[in-house]
Amino acid sequence: MKKNIIYFLSCLVLTVGLVSCSDDDKEPLSPLTVVIEGTEAQEVVQGATLNLKAVVEGSSEVQYVWTLNGKEVSTTSTYDFTATDLGKSEIQLTVSNAEQGEAAAKLDLDVYGKYKYGTFILNEGAAWGGDKGGYLIFISPEGELVEKAFQKENNGAWLGSVPQDVFIANNKMYIVSQNGGNEGGFLTVVNAETLKLETAFGDELKGKIDWPTHVAVLSDDNIYLRDNAGIKLFHPSTGEATLIEGTKGARKNTMAVVGGKVFASQDKNLLVIETGKDKVSATVEFDGKISGVVKSSDNNVWVSVASGKIAKVSTKDYSIIKENDLSSNTDATKTLSASFAAAPSITAKGDTLYMSGLATKIYRHIFSTNETKLMVDVKEMVENANIVYNTVTVDPVTEGVYFNTIKGYGDNVGINQISIFDFSGTTPTLRAAYNDCTKYPAGVFFTSNFR
C-alpha cells in the first residue's frame, strides 16, 4: 500500500514539473508595430479627405483608437480625415491588446487654404465706371479655374473699382484699386489662403492718395502705395499716408521687394526705399526709361530698359552685376519699351526671361549667354488674339508662360483667352487655354513669387 502512494506522489510531481517546463520554453509574443497608410504628404489642402488605414504587424487581434488633436474620432482600423481648420492637425493612432500591450503612430499635417498655391489673374472689370468693380480669377496647380474667387469667398462682395495690383506678404493678400469704391475701397486685405476679407481701406485713404495703382508691403504697418504723386508709406495703425521724398513721378508699374527694401522705377531711375525711411535711400540711373523691375531668383533685381538693355542689379550695394544689350535685335528691343502696361516688360524664371511688350510676339532671353530668340507669334496659335492686355508672365515653378488676349474693345472684350504656352520643346505648344473669363486683365500673379 505504501508503495502505491509513493508511486502516485512521484507521478504528481513529475506532471507538475512537466507543465512548469512547458511554460518556461514557450516563445514570448512579438511586440506590436503599427504604421498609418493613406498619405505621405506633410500638408493637405483645406476640404480634402484622406482615407487613412492602420497597418499592424505582430497580431491581427487589436483594439484601435484614433485621435485628432487629442480628441477620439474613430475606433476602427480606418479613419477618414477631412481637413477643415487651417493650421496644424495631429493624428494619433494607438493599437493594443491584453497580451502584447500597445503601439502608436503619429501623423502631423499642415492644413492650408485652397488659394495658397496657384495663379491669380486680376481683372479691372469695366474700366471706366458702370461696374461695381473688378475680380480675381484663380487657377490651381491642377488647372482648375475659379472665376470671381474673391466674390465667391465673401458672399458676393466686390473689390474696389479698377483694381491694378496684388501683393502677398505675411499670409495676407493686398489688392489695390485705382478708383476706390464704396465696397472694396482703395486697398483690400484678405487672407492669402482663403481670400476671406480681413479689412478694406476706403474712407480712411480718401484725400490721402490719388488714383493708387501699385502696392508693396514690408510689414503689416508698412505698406507702400504708388499713386499720382509718387510712392506713399501707409501706416494702417495710424491712418497716415506719407509721400516718400524723391519718389515724385514714380512709374505706374510693379514694384519689387527684396531683403526688406522696395525697388521701384522713376523714368530712368531705379529707386531704393528702405524700411522706416521717409526718403529714397539710393538711386541707380540707366540710359533709358525703365520698363520693368522684377525680383530675381537669387534675391537681386532684374531691370529692363527701353534702350534695349536688361540688367541685374545687386540689392546689397546697388551695383550693376551684369548688363546685356539687345538693341541689335530691333523687334526684341521694342518689347522693352516703357509702355502704359501696368505690369513689367520682363518676366523671369531663373536665368531665363521673356518679354512681349503689348504685341503678340513673345521673345526669350537667356541672360547668362546673352541669347535672344523669338518663341512664338501668339496670333498664329490663338484665335481672336487681336489685343494684348498687359504683358507676358512666366510661372517660376511650372515654367508655363501666360498670355492674355482679347478680340477687341466694346462688346468684343468678352471674347478673350488666357493662354499658357510650353516652350520646353523644339516647337511651342499650348499647354492650356481658358476662354472668355477675363475682363481687362491687369496682371498675372504667381503665389510662388511671393515666397
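Note that the coordinates shown come from a computational prediction; the quantities given were computed from them, not determined experimentally.

Caption draft 1: Inspection of the packing of aromatic side chains at higher detail. Inspection of every chain in the model, using the stated rule, returns 15 aromatic pairs. Seen in terms of ring centroids, Tyr112 and Tyr117 are 5.1 Å apart; in terms of plane orientation they differ by 75°. Their pairing is edge-to-face. Relative to Tyr440, the ring of Tyr409 lies with its centre 6.4 Å away and its plane at 15°, an arrangement referred to as stacked. One end of the pair, Tyr409, is in the loop between strand 34 (401-406) and strand 35 (416-422); the other, Tyr440, is in the loop between strand 36 (429-435) and strand 37 (441-446), with 31 residues separating them in the sequence. An aromatic cluster of three or more residues is present, and its members are Trp66, Tyr79 and Phe81.

Caption draft 2: Looking closely at the layout of surface pockets. Size it by volume and the largest pocket reaches roughly 840 Å³. Considering the residues around the largest pocket, the lining is formed by 43 residues, among which Val294, Lys295, Phe446, Asn449 and Phe450 are closest to the centre. Looking at the lining of the largest pocket, the elements with two or more residues in it are strand 12 (163-169), strand 16 (214-219), strand 20 (256-258), strand 24 (290-295), strand 28 (346-349), strand 33 (393-394) and strand 37. If you tally residues by element for the lining of the largest pocket, the top one is strand 12, at 6 residues. The residue makeup of the lining of the largest pocket, split by class, is 25 nonpolar, 14 polar and 4 charged.

Caption draft 3: Structural context of the pattern of salt bridges. A complete count under the given rule lists 11 salt bridges for this structure. Here Asp298 makes a salt bridge to Lys312, at a shortest N to O gap of 2.8 Å. Placement of Asp298 in the loop between strand 24 and strand 25 (301-305) and of Lys312 in strand 26 (residues 309-313) is noted, with a sequence separation of 14 residues between them. The exposure class assigned to Asp298 is partly exposed, which follows from its relative accessible area of 40%. Connected through salt bridges with shared partners, the residues Glu90, Lys106 and Asp108 form a single ionic network.

Criteria and cut-off values
Residues numbered from 1 in each chain as written. Predicted model: local features only at pLDDT ≥ 70, side-chain atom pairs only at ≥ 80, totals over all residues. Heavy atoms only, no water. Phe/Tyr/Trp six-rings, centres within 6.5 Å; stacked < 30°, edge-to-face > 60°. Helix = DSSP H or I, 4+ residues; strand = E, 2+ residues; numbered from the N terminus. 1 Å grid on protein atoms, 1.4 Å probe; cavity = no way out; pocket = protein on both sides within 12 Å on 5 of 7 lines; lining within 4 Å. Points joined across faces, edges and corners; volume = space filled by probe spheres on them. Nonpolar A, V, L, I, M, F, W, Y, C, P; charged D, E, K, R; others polar. Salt bridge = Lys/Arg side-chain N within 4 Å of Asp/Glu carboxyl O. Buried < 20%, exposed > 50% of the residue type's maximum accessible area, 1.4 Å probe, protein only.

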